[in-house]
Amino acid sequence: MNSKDKFVTSRVIPAPSRIECTSGGMFKLADGCPITVISPLAETTLSAILQDTCNAYWKVKPSFSFQSGGDGVVEDGYWLKVTAENCEIVASDLNGIRNAFKTMRQLAESERGVLKSTCWLLPHVAVEDEPALAFRGIHLCWFPETTIWEIEKNIRMAAYYKFNYAVIESWGMIRLDSHPEYCWDEFAVDKAEVSRLVKLAASLGLTLIPQLNLFGHATSSRCGAGKHMLLNQHPEYAPLFEPDGWTWCIANPCARKYLSELATELHDLFDRPAYFHIGCDEAYNAGSCSLCRENYPEKLKSHLLYFHSLFAERGARVMMWHDMLLNRDDPRWNGYIVCGHSENGLGELYKELPKDVVICDWQYGYQEKDGKEPDWPTSHFFQQEGFDVLVCPWLERRGVNSLGRLAKQAKFFGMLETTWHWYRASHRMETLFVFSANAAWHPDWVPENDVVYREYLNRHLREIDLDMGSKKYIQFGSVQYQINPTPYQD
Ligand SMILES: [Zn+2]
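Residues numbered from 1 in each chain as written. Predicted model: local features only at pLDDT ≥ 70, side-chain atom pairs only at ≥ 80, totals over all residues. Heavy atoms only, no water.

Draft legend 1. Highlighting the overall build of the chain. Counting its regular elements, the chain contains eleven helices and 15 strands. Expected size for 490 residues packed as a compact globule is a radius of gyration near 23 Å; at 24 Å, the chain falls within 12% of this value. Dimensions of the chain, computed from C-alpha atoms along their principal axes, come out at roughly 75 × 50 × 50 Å. Counting the 490 residues in the chain, one finds 58% classified as buried. A separation threshold of at least 6 residues defines the contact pool for the chain, and within that pool the share at least 24 residues apart is 76%. By element, 51% of the accessible surface of the chain is carried by carbon and sulfur atoms, the whole surface being about 20,300 Å². (Helix = DSSP H or I, 4+ residues; strand = E, 2+ residues; numbered from the N terminus. Rg over C-alpha atoms; globule rule 2.2 N^0.38 Å. Buried < 20%, exposed > 50% of the residue type's maximum accessible area, 1.4 Å probe, protein only. Contact = heavy atoms within 4.5 Å. Areas by Shrake-Rupley, 256 points an atom, 1.4 Å probe, with all protein chains shown as cover.)

This is the structure in structure tokens:
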């Protein structure tokens, strides 16, 4: 490979599994340019979608030719060949075709040597690309401090970086019919807005998965903020929670009914996806009320199995965080995140859970062992117990990379990158979006030493701004304001 080729190949995020510059020439993306699409999908299915895509990306109307084929390409994968005469895409499904166009958009340069661009240029390349992990997820939080356009921008970025799932955790931001009091009244959006985002994401190749915390984190607020989304506004609902308010009172049948109504309405609102995230992390002071205190593990088992069945009847699998299922005092997990205590007796509960519960193992550190990569024992444990495991890193870049490689090698279910309240600012988004997308799609990727990927991220944010029709200063880029850009607490 020519040493300058990296200036072309490193533009694409996540990095393709195989990409080669075939010559130094350029293909002109302009009205009437020839694009051949080879797939099992009919022209009637593809034509309007791809014309819309090309109009949005480059404001051009290519001359498409559609041929049957593409069976040898894996799901979401694609082959792309750009020569002087033609641009050819081969894929076996619509998301594969979409992914080829996302790659083309990132590869393209505007017209060179002129004042104002009238067309785009694609370098001559041969790409054979496919994801390492079938489940490539990102977890996005929607706070009162998150505007609708911000959550939309993150959804669009996730889709652009070839994630195929985004878990949406609403922190009191969706007003539901069953319990309109269950939201921050002054910030919450109506269902039509959420439905728009669900359908937008689907059109970009991304399935949105709703999350509702059915155990701990019942305040819908960060514990460091001291706010309680329901009890601050409606203190009469206190019986639904343990005395401190942080964890649901799972022995109260009214809490089960309340949560069932929220959960089913939320699942419907998200067009009944195949997964539903029930949270279940950090359930501090669980079982502390007079109703819960005795025989708590049985009560929690009944609670979890009830919701498992509720979603199974709807054709969906539940996903849950792993940490309450393992005990902190067990030396096997030294240095890794687990939140259970042996005295609350939940350490055997995993044996009672159906194996189709997807375990989301959030590990935010990087526990080097004798100079080697961490061995990530909790993920291995749940896999050996027969569960599908999603590795869930956060801001620790070495952890993101290591967990991506592990998920590929050990054939875990996939990855769910968490972002929490750090989804703003390019240097953080570089880890949360760029490196995690690479970890999920192409974990063997090695960054080029002298390529500043953040600048490509910034270009991609501009493209998303264009797609969204952003007009205001605070909407552009990765932060609302350059000075004091991260108003959230740590
Ligand atoms: Zn209780």
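What follows continues from the structure just given.
Draft legend 2. Representation of the coordination of the zinc ion in the model. Every protein donor of the zinc ion is listed here as Glu242 (OE), Cys249 (SG), Cys289 (SG) and Cys292 (SG), and their distances to the metal cover 2.1 to 2.4 Å. Here the zinc ion binds four donor atoms, and the angle range of 101 to 119 degrees at the metal identifies the geometry as tetrahedral. Written as a sequence motif, the donor arrangement for the zinc ion is E-x6-C-x39-C-x2-C. (Donors = N, O, S within 2.8 Å, 3.2 Å for Na, K, Ca; no water. Tetrahedral: all angles 85-135°; square planar, octahedral: opposite > 155°, others 65-115°.)

Draft legend 3. View of the domain arrangement of the chain. Once the domains are mapped, the chain shows domain 1 (3–129) and domain 2 (135–475). Distance between the C-alpha centres of domain 1 and domain 2: 34 Å. Regarding the contact of domain 1 and domain 2, the summed buried area is about 2,100 Å², with carbon and sulfur atoms giving 50% of it. Counting the surface domain 1 buries against domain 2, the share from its top three residues, Ile13, Pro14 and Arg105, is 31%. A salt bridge links aspartate 467 to arginine 105; the shortest N-O distance between them is 2.9 Å. (Domains from an automatic or database assignment. Buried area = accessible area lost by both parts, 1.4 Å probe. Salt bridge = Lys/Arg side-chain N within 4 Å of Asp/Glu carboxyl O.)

Draft legend 4. Layout of helix H8 (residues 377–384). All of the buried residues along H8 are Pro377, Thr378, Ser379, Phe381 and Phe382. Directly after H8, the chain includes glycine 386, whose backbone phi takes a positive value near 100 degrees.

Draft legend 5. Focus on the confidence of the model for the chain. Confidence along the chain averages 96 in pLDDT terms, with 99% of residues attaining 70 or more. Mean pLDDT across the elements of the chain ranges from a minimum in helix H1 (residues 6–9), with 93, to a maximum in strand E11 (residues 275–277), with 99. (pLDDT = per-residue confidence, 0-100.)

Draft legend 6. A look at the environment of threonine 378. Within the secondary structure, threonine 378 is located in helix H8. Distance in space between the C-alpha atoms of threonine 378 and glutamine 482 is 40 Å, their sequence separation being 104 residues.

Draft legend 7. Just the pairing of strand E2 (residues 34–39), in detail. Among the six residues in E2, five count as buried, and that is most of the element. In this region the chain leaves E2, passes through helix H2 (residues 43–58) and returns to the parallel neighbour strand E3 (residues 63–68); the handedness of that crossover is right-handed. Bridge analysis of E2 against strand E5 (residues 87–90) gives four bridges, and the strand direction is parallel. The residue bridging isoleucine 38 from the neighbouring strand is valine 90, located in E5. (Right-handed = clockwise from strand over helix to strand, strands pointing away. Pairing = 2+ DSSP bridges.)

Draft legend 8. Representation of helix H11 (residues 453–468) in the model. Here H11 spans 23 Å end to end across 16 residues, near enough to the 22 Å set by a 1.5 Å rise per residue. Inspection of H11 places Tyr453, Tyr456, Leu457, Arg459, His460, Leu461, Glu463, Ile464 and Asp465 among the buried residues, and these make up the whole buried set. Elements in contact with the buried residues of H11: H1, helix H3 (94–107), strand E7 (120–129), helix H4 (148–160) and helix H10 (426–441). (Expected span 1.5 Å × (residues − 1).)

Draft legend 9. Focus on the packing of aromatic side chains. Under the defined criterion, the tally for this structure stands at 31 aromatic pairs. Through a chain of ring-to-ring contacts, the aromatic side chains of Tyr57, Trp58, Phe64, Phe66 and Phe101 assemble into a single cluster. For arginine 256, the ring lying beneath its charged end belongs to tyrosine 306, and the centroid distance is 4.6 Å. Between the NZ or CZ atom of arginine 428 and the centre of the ring of tryptophan 422, over which it lies, the distance is 3.7 Å. (Phe/Tyr/Trp six-rings, centres within 6.5 Å; stacked < 30°, edge-to-face > 60°. Lys NZ or Arg CZ within 6 Å of the ring centre and 35° of its normal.)

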